[in-house]
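Residue-level listing of the chains:
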Amino acid sequence: MYSLQKERVSRREHHWGRLGDLPDRYVPAMPLLKERVDLVVEGYAADTEIEHAGAYEQETRQTLGLGDETPIVMVSSHLSHIYGAFHPSPFEQAAGLVIDARGSRIGDLVEQVELPFDADEDLLEVASYYRCTRGRIECLAKQFWDGDWARPAGLGCFYALLAEVTWPGSEGDGTKVMELAPYGDPDALGLPDLDVRGHEVHIPPAWTELFRHAGACGEGPDGGEFRRTEPRDGESRRTGGFEYEPGGEEFRRAANLAAAGRRAFERALLRVVAWLHAETGLDALAFSGGAALSGSANGRLIRESPFRELFVPPAPHTGGTAVGCALYGLAACLGVRPRFRWTDDFLGPDRDEREIEAAVRALPADLYVERPEDLTAALVALLESGRVIGLYQGRSESGPRALGHRSILGDPRDPDLQDYVNLEVKGREWFRPPAPVVTAEHAERIFELDRPSPFMQYAVAVRPEHRDLLPGITHVDGTATPQTVERESLPFLHALLTAWHERTGTPVLAGATLSGPGEPPAETPEHAIQTLRETGLHALAMPPYVIRKREEPPLPGA
């Protein structure tokens with residue numbers, strides 16, 4: 001299985017697809033596309049690109065050399081989501097849930113579902129509920145919305161609007177809203193819970209008025225303004241232009257809004273999940289859609305929902321639907337039972353070792369390379385000295401989170417690490433904690449986690465006795481979103497964590513995505529080297545090499 005998002009090639013974060021991408025970007029990056037193709041499955045959400053479906057088909061046939069006998073099939077958005085979540089899950093049967101802001105139009109659905117009376121074909125799916133087995137995926141119900149942002153409906157719309165009023169232009173990214181929420185008071189603004197009616201979620205007037213008055217960059221809920229500013233000279237690595245300074249009134253308002261929004265979102269999610277459990281009577285849940293990126297909500301699902309098992313794929317957002325399209329093609333179109341399972345997320349193009357050798361030979365004068373006899377020992381020494389390093393190896397992650405192939409690593413015991421990574425490397429908001437990377441065999445001792453979490457799906461409590469020892473990964477509310485590392489799937493990272501544990505007494509490192517401010521994760525060796533040069537990283541591990549700067553930045557806290 002291969003998966004590659006356009007942003008990894010174009011280097012523009014959240015870069016949407018357009019005509020020309022297949023011949024200009026994907027074929028050069030993925031040589032397998034030059035081999036024989038038996039079936040093409042395309043997925044569309046509520047995007048204007050569906051108006052060009054005919055042009056896309058023509059471009060696909062011409063680029064891949066397909067004859068008229070090769071079928072090109074279209075699959076609707078939520079169906080591709082659930083195929084990408086359930087079929088690669090460990091479950092033989094499960095309930096399925098998809099929540100996002102804008103799925104497909106009723107007129108473009110390719111699944112059977114009971115529709116509202118006299119439903120307009122332009123209504124959009126915003127939540128879908130399923131009963132899934134290996135032989136059949138049955139849609140039980142959907143919530144629809146008319147697409148008018150003046151009267152939003154559904155948890156996905158709420159999640160996107162909450163992000164937009166806090167960070168205008170954030171592409172609906174609610175992750176940082178959930179990370180900001182623990183700093184706020186959910187009762188301060190007097191905002192209500194969402195209105196849940198069975199499987200449907202409606203947004204009360206108090207929230208819609210807030211969203212309407214705030215607009216893209218308008219006034220906050222109590223008259224304060226959520227400012228969007230351009231970075232000043234020398235501040236290109238600060239917060240992407242958004243300055244919620246600690247302790248300020250602006251920060252207080254934003255944090256209170258995030259806290260109220262997170263509570264309302266999670267309470268409503270728990271209620272619709274309880275409805276789905278009552279409808280299916282099943283023990284397992286496969287959850288996908290953009291809303292499934294919320295680690296704090298997923299953590300509450302495993303603790304508080306009636307489902308005993310939960311699976312969230314590593315790329316539950318729109319960028320992960322290509323995998324669902326491929327699995328739909330196998331199962332629904334070709335009648336082949338998919339064997340692919342989400343055991344890891346390394347679906348990017350195969351890396352040719354010659355690419356790494358060429359990149360190392362072409363290093364600029366401000367960098368130098370070493371080839372240690374014991375690479376893990378060399379990296380442990382760098383980390384123990386306070387240095388923050390990048391790790392580039394193998395195929396890239398398909399989802400938005402670094403899971404050991406495109407990662408930044410640091411010492412979680414260092415109280416200055418979070419500020420350093422956020423301000424000097426990532427150029428992001430100061431309150432966002434790096435995530436813990438922990439050997440699977442020691443995870444339960446450090447975290448209140450009773451299951452594997454290989455894709456950083458769940459926010460859980462750091463056990464109280466470890467919080468002060470691991471300030472670099474412990475959030476203000478005592479939680480973290482760990483990645484559990486198995487020797488079989490990540491042998492090099494597991495060996496590094498094991499050596500780090502032997503040296504320091506902790507099996508945990510702090511992790512973040514190998515990228516600079518506002519950039520997608522590094523895809524090629526050249527991208528990784530560029531990230532080293534342009535950020536506060538101290539070194540880059542590119543097995544078997546370590547690349548260092550001739551003039552190092554100061555260490556965290558210096």
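Throughout what follows, the structure given in this document is the object of discussion. (Residues numbered from 1 in each chain as written. Predicted model: local features only at pLDDT ≥ 70, side-chain atom pairs only at ≥ 80, totals over all residues. Heavy atoms only, no water.)

### Looking at the packing of aromatic side chains
In the structure shown here, the tally under the stated rule is 15 aromatic pairs. Here the aromatic rings of Tyr 44 and Tyr 56 are separated by 6.3 Å at their centres, their planes lie at 75°, and the arrangement is edge-to-face. Remark: Tyr 56 occurs in helix α3 (residues 53–64) and Tyr 44 occurs in strand β1 (residues 40–44); sequence separation between them is 12 residues. Geometrically, the ring pair formed by Trp 145 and Trp 149 is edge-to-face, given 4.8 Å between the ring centres and 75° between the ring planes. Judged by its relative accessible area of 2%, Trp 145 is buried. An aromatic cluster is defined as three or more aromatic residues linked by ring pairs; in this entry it consists of Tyr 183, Phe 251, Trp 430 and Phe 431. Directly above the aromatic system of Tyr 2 lies the positively charged group of Arg 395, at a separation of 4.2 Å from the ring centroid. The ring of Tyr 392 is capped by Arg 406, whose NZ or CZ atom sits 3.9 Å from the centre of that ring. (Phe/Tyr/Trp six-rings, centres within 6.5 Å; stacked < 30°, edge-to-face > 60°. Helix = DSSP H or I, 4+ residues; strand = E, 2+ residues; numbered from the N terminus. Buried < 20%, exposed > 50% of the residue type's maximum accessible area, 1.4 Å probe, protein only. Lys NZ or Arg CZ within 6 Å of the ring centre and 35° of its normal.)

### Observations regarding the sheet that holds strand β8 (residues 284–288)
If you trace the 5 strands from one edge of the open sheet to the other, you get β5-β4-β3-β8-β9, paired in mixed fashion. Sheet topology places β5 (137–145) and β9 (309–311) at the edges, where each strand pairs with a single neighbour. Each adjacent strand pair in this sheet contributes to an overall mean axis angle of 20°, direction not counted. When β8 meets β9, the two strands line up parallel, connected through 3 bridges. Within β9, the position partnered with Ala 286 by the bridge is Phe 311. (Pairing = 2+ DSSP bridges. Axes fitted to C-alpha atoms, helices over the stretch in contact; angles between N-to-C directions.)

### Notes on the pairing of strand β12 (residues 406–410)
Judged by how many residues are buried, β12 sits mostly within the fold: 5 of 5 residues are covered. Here β12 shows a buried face lined by Arg 406, Ile 408 and Gly 410 and a second buried face lined by Ser 407 and Leu 409. When β12 meets strand β17 (residues 508–513), the two strands line up antiparallel, connected through 4 bridges. Paired with Ile 408 across the strands is Ala 512, a residue of β17.

### Details of the pattern of salt bridges
Within this structure, the stated rule accounts for 40 salt bridges. Arg 262 serves as the salt-bridge partner of Glu 266, at 3.7 Å between the closest nitrogen and oxygen. Note that Glu 266 and Arg 262 are positioned in helix α8 (residues 249–280) at a spacing of 4 residues, about one turn of the helix. For Glu 266, a relative accessible area of 5% corresponds to the buried category. Classification of Arg 262 by relative accessible area gives buried; the value is 18%. (Salt bridge = Lys/Arg side-chain N within 4 Å of Asp/Glu carboxyl O.)

### Quick word on the environment of Ala 362
Mapped onto the elements of the fold, Ala 362 is located in the loop between α11 (353–361) and β10 (367–370). According to the relative accessible area criterion, Ala 362 is exposed, its value standing at 58%. Separated by 164 residues in the primary sequence, Ala 362 and Glu 526 have C-alpha atoms spaced 9.5 Å apart.

### Some points on the sheet that holds strand β19 (residues 545–549)
Sheet architecture is open: 8 strands sit in the order β10-β19-β18-β11-β12-β17-β13-β16, paired in mixed fashion. The sheet is open, and its two edges are formed by β10 and β16 (483–485), each paired on a single side. This sheet shows a mean twist of 30° between the axes of neighbouring strands, independent of strand direction. Note: strand β11 (residues 389–392) against β12, 4 bridges, orientation antiparallel. Residue pairing in the sheet places Tyr 392 in a bridge with Arg 406 of β12. α11 contacts β10, β11, β18 (539–542) and β19 of the sheet and is inclined by roughly 30° relative to β19. The sheet contacts of helix α17 (residues 525–534) involve β10, β11, β18 and β19, and relative to β18 the element is tilted by about 160°. (Contact = heavy atoms within 4.5 Å.)

### Some thoughts on helix α5 (residues 155–166)
With 12 residues, α5 should cover 16 Å at 1.5 Å per step; its first-to-last C-alpha distance of 17 Å lies within 8% of that length. The element α5 is extensively covered by neighbouring structure, given that 11 of its 12 residues are classed as buried. Taken together, the buried positions of α5 are Leu 155, Gly 156, Cys 157, Phe 158, Tyr 159, Ala 160, Leu 161, Leu 162, Ala 163, Val 165 and Thr 166. (Expected span 1.5 Å × (residues − 1).)

### A short note on the environment of Leu 382
With respect to the element layout, Leu 382 can be found in helix α12 (residues 375–384). It is 9.2 Å that separates the C-alpha atoms of Leu 382 and Gly 410, two residues lying 28 residues apart in sequence.

### Quick notes on unusual backbone geometry
The peptide bond linking Pro 543 to Pro 544 adopts the cis configuration, its omega dihedral lying at 15°. Positive phi is not limited to glycine here, since Arg 11 has a value of about 70°. Residue placement: Arg 11 occurs in the loop between α1 (6–10) and α2 (21–29). A residue is classified by how much of its surface remains accessible, and Arg 11, at 24% relative accessible area, is partly exposed. Positive phi, normally seen in glycine, also occurs at His 14, with a value near 60°. With respect to the helices and strands, the residue His 14 is situated in the loop between α1 and α2.

### Structural notes on the nonpolar core
Ranked by internal contacts, the top residues of the largest apolar core, which has 91 residues, are Trp 207, Leu 269, Phe 287 and Phe 447. No other element matches α8, which puts 16 residues into this core. In contact with Trp 207, other than residues within four places in its own chain, are Phe 158, Leu 162, Leu 191, Pro 192, Leu 194, Leu 257, Ala 260, Gly 261 and Ala 264. Counting residues in hydrophobic clusters, the runner-up holds 56 residues, among them Leu 79, Tyr 130, Leu 347 and Trp 500. (Core = buried A, V, L, I, M, F, W, Y, C linked by side-chain atoms within 4.5 Å.)

### What about the pairing of strand β3 (residues 93–99)?
Taken across its 7 residues, β3 has 6 buried, putting it largely inside the fold. One ladder, built from 7 bridges, connects β3 with strand β4 (residues 124–133); its direction is antiparallel. Residue pairing in the sheet places Val 98 in a bridge with Ser 128 of β4. Strand direction decides the pairing type here: β3 and β8, joined by 4 bridges, are parallel.

### Description of the environment of His 538
As for its position among the elements, His 538 is in the loop between α17 and β18. Once you skip the residues sitting within four places of it in the chain, His 538 turns out to touch Gly 386, Arg 387, Val 388, Tyr 420, Leu 532, Arg 548, Lys 549, Glu 552, Pro 553, Pro 554, Leu 555 and Pro 556. At 3.4 Å, the side chain of His 538 and the side chain of Tyr 420 are in polar contact. (Polar contact = N/O pair within 3.5 Å; in protein donor to acceptor, adjacent residues only side chain to side chain.)

From the geometry alone we can't say anything about function, so treat these as descriptive.
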